[in-house]
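This is what each chain is made of:
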Amino acid sequence: MITEMKKILSLLLFTLVGLVSFTSAKDLIRKDDLETFMKNPLYVVLDNNPMSEWSLKIREAVEKGWTLTKYQFINDTEFEKLRGDMDKSFLVRIQVRFPDDKVRAFYSFMTFTNGAAVKEVADMPEVCSLPLGYDAVNQDSWSYKLLGFVRFAQNHIKLIYDNPELISSNPLDYYNRNIPDLKDKEIWMVEKDIAPDVRTIAKIRDAYKGVVRIVKPEDIEQAIADRKDNVVYLHKVGPEGTRMQARIYKTLLGAGDDRIYYFDYHMMSKSKGDGFLKKDFKRISKQ
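In what follows, the accompanying structure is described.

With respect to the pattern of salt bridges
By the definition in use, this model includes 22 salt bridges. The shortest N-O distance in the salt bridge between Lys158 and Asp162 comes to 2.7 Å. A residue pair is termed a helical-turn pair when its members lie 3 or 4 positions apart in one helix, as Lys158 and Asp162 do in helix α5 (residues 146-162) at four residues. Residue class for Asp162 comes out partly exposed when judged on its relative accessible area of 42%. Between Asp274 and Lys236 there is a salt bridge, with its nearest N and O atoms 2.9 Å apart. Remark: Lys236 occurs in strand β8 (residues 231-237) and Asp274 occurs in the loop between β10 (260-267) and α9 (278-286); sequence separation between them is 38 residues. Residue Asp274 is classed as buried on the basis of its relative accessible area of 11%. Residue classification places Lys236 among the buried residues on the basis of a relative accessible area of 3%. In this structure, a network of salt bridges that share partners links the residues Lys192, Asp193, Lys236, Glu240 and Asp274.

Listed below in structure tokens is the structure:
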């Protein structure tokens, strides 16, 4: 399901501070929403085209990684018929635009939400969301990481369900305290996800002394499947050559434990390229 949204989604896991700094998590999600989600079956919304990248990869990711609730697969058309039911919850891909942005960029988000009899998908009670990529970017730039995203979302939902005090706090403060643990990990990155001015091992080592490996997407996909405890991988959301040059999101996720080790974002400019910056390497080096 892809739809333009006229307002900010309720709880943006990776982007809570950067995107909704004018509000707080306690205004956006309720414990009741979590309790409803935990007792409902999860309806995973595939594209009407069952052979699309999203349809194939999210089905595989849920079958391998989702254990929190019962689930079944539906398509876009079925979602429109069922989304008003309060006894159902959904995992759906949604198109997001932030109306205050100067650049009218559209992003693709993976969103977990509860059913509600509301007109707009944007008004459904959201449990969590995470950005996949710019909507104009080919889906294969992020689809190989979907298993990791599903496992992370599952862990996060259970975390805030078991610890409701986190609802009224900043989740990124909770996750960014993991930065010091990076010293014991290998950071795996795809070359195109690193800013052009630091896209070599030699330049990276000038800013960060830990282990960084430039790998292929399939290497990260396998590390996630194998739950490699020593590997942390980069998820970068950026324009990747498209004309919509706005936010660049950078998240380091554990391939084995599915937790966030680092999050930041910047606005793309002539001095700040599309990728993990030298500034990011320096920041994780200082912790």
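Next, the rest of the story.
Structural notes on α5
Helix length check: α5, at 17 residues, gives a terminal C-alpha distance of 24 Å against a target of 24 Å (1.5 Å per residue), a fit within 8%. Within α5, 13 of the 17 residues are buried, leaving the element largely enclosed by the surrounding structure.

So, how was this worked out
Residues numbered from 1 in each chain as written. Predicted model: local features only at pLDDT ≥ 70, side-chain atom pairs only at ≥ 80, totals over all residues. Heavy atoms only, no water. Salt bridge = Lys/Arg side-chain N within 4 Å of Asp/Glu carboxyl O. Helix = DSSP H or I, 4+ residues; strand = E, 2+ residues; numbered from the N terminus. Buried < 20%, exposed > 50% of the residue type's maximum accessible area, 1.4 Å probe, protein only. Expected span 1.5 Å × (residues − 1).

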